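Structural overview
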Amino acid sequence: MKSEKILTIGTFDGVHIGHQKILKRVVALAQEEDLVPTVLTLFPHPRMVLQKDNSIKLLNTIDERIQLLKNLGIEEVIVKEFTKEFANLSAKDYVEHILVDELNTKQIVIGYDHHFGKNRSANIDDLKVFAEAFNFKVEEISAQEIQDVTVSSTKIRNALNNGHIEIANSYLGYNYFISGDVVKGKGIGRTLDYPTANIDIKESYKLIPRDGVYVVKSEIEGLTIYGMMNIGTNPTVDGKTRSIEVHFFDFDKDIYGETLRIEFLHWLRSEQKFENLEALKKQLSNDMTDALEHIKTINA
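Residues numbered from 1 in each chain as written. Predicted model: local features only at pLDDT ≥ 70, side-chain atom pairs only at ≥ 80, totals over all residues. Heavy atoms only, no water.

**Quick notes on the pairing of strand β11 (residues 259-269)**
Where strand β6 (residues 177-183) and β11 come together, five bridges link them in antiparallel fashion. Residue D181 lies in a different strand from β11, and its bridge partner there is T259. Both strand β8 (residues 212-220) and β11 contribute to a ladder of six bridges, which runs antiparallel. Within β11, the residue paired with V216 across the bridge is F264. (Pairing = 2+ DSSP bridges. Helix = DSSP H or I, 4+ residues; strand = E, 2+ residues; numbered from the N terminus.)

**Quick notes on the packing of aromatic side chains**
Taken as a whole and assessed by the stated rule, the structure comprises 10 aromatic pairs. Each ring, one from F86 and one from Y94, has its centre 6.0 Å from the other, and the planes form 90 degrees; the classification is edge-to-face. Pair check on accessibility: F86 and Y94 agree, each one buried. Ring geometry for F248 against F251: centres 5.9 Å apart, planes inclined by 75 degrees, an arrangement best described as edge-to-face. As far as burial versus exposure is concerned, F248 and F251 are alike and both buried. Positioned above the aromatic ring of F177 is the side chain of K206, whose terminal nitrogen or guanidinium carbon lies 5.2 Å from the ring centre. Positioned above the aromatic ring of F177 is the side chain of R261, whose terminal nitrogen or guanidinium carbon lies 3.7 Å from the ring centre. (Phe/Tyr/Trp six-rings, centres within 6.5 Å; stacked < 30°, edge-to-face > 60°. Buried < 20%, exposed > 50% of the residue type's maximum accessible area, 1.4 Å probe, protein only. Lys NZ or Arg CZ within 6 Å of the ring centre and 35° of its normal.)

**Notes on the pattern of salt bridges**
For side chains bearing opposite charge, pairing can occur when the charged atoms are close. Tallied over the full model, the rule gives 16 salt bridges. Put simply, R269 and D287 hold a salt bridge, and the shortest N to O gap is 2.7 Å. In this pair, R269 sits in strand β11 while D287 sits in helix α11 (residues 277-299), placing the two residues 18 residues apart along the sequence. Within the structure, one salt-bridge network assembled from shared partners comprises D181, D200 and K202. (Salt bridge = Lys/Arg side-chain N within 4 Å of Asp/Glu carboxyl O.)

**Comments concerning helix α5 (residues 91-102)**
Those residues of α5 lying buried are A91, Y94, V95, I98, L99 and V100. Within α5, the buried residues cover an arc of 160 degrees as seen down the axis, which keeps them to one side. On its buried face, α5 sits against β1 (5-9), β2 (36-43), β3 (76-81), α4 (84-87), β4 (105-111) and α6 (124-134). (Arc of directions from axis to C-beta. Contact = heavy atoms within 4.5 Å.)

Okay, here's the thing in structure tokens:
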């Protein structure tokens, strides 16, 4: 027999502290009821499919989202491909064929404002009616509980787009991060005595914080390595394309081709165009001093 599940449903972009409250409830109930704690999430984002809106940026790639959910004790993450056909499923077909037949759901933990089915026409009251018919339980998360956590993915995106890293991280409950491969750059950093790792992020929908210089850290070969990152077009050398470059402190190993997860800790300054490379080098020295001072306060 298929394992019986307790389920919550949502996009969970960011898997932030508001989401975590719901997810912890699912994990706790799963232990009480001997059910498998499960998340049903949709990908790609409905707006990407229904409105062909490719401008939407998400806080996590789908792989990052799955990992964050599993880190919180969710045993099964079901990723449903969001298609026009899926969007056209009636509420009854969605509940009967996906939640009940396919997933073997015995309990659902869901927000009071959850909508589902074609045109999002069904609500929590409809779900409770279906629960009677198909023999599963519904636990409703009240408006009060949801409003107690005044965090949203939109607020986090806005914070990142404004360089407010500490605010974003406090809402997320972890440091915002990007994951990408180290690729060859133009080598300009090395000529300035600040060699950089150029980071290539494959997923175009991943939100990259605003252009500027950041204090960051990464785990490399089991060690925590701090550094400073520049996001931008490198205007001093007439760069045209946006790039992500990290100069790691006290680190000079060849990491080309490796995949790094880089966490954002603090925004230092906007990207600037300098008169010449000497002026840029002087600023990089100041940035490094500022970054090291910040790291000292973190580790104090």
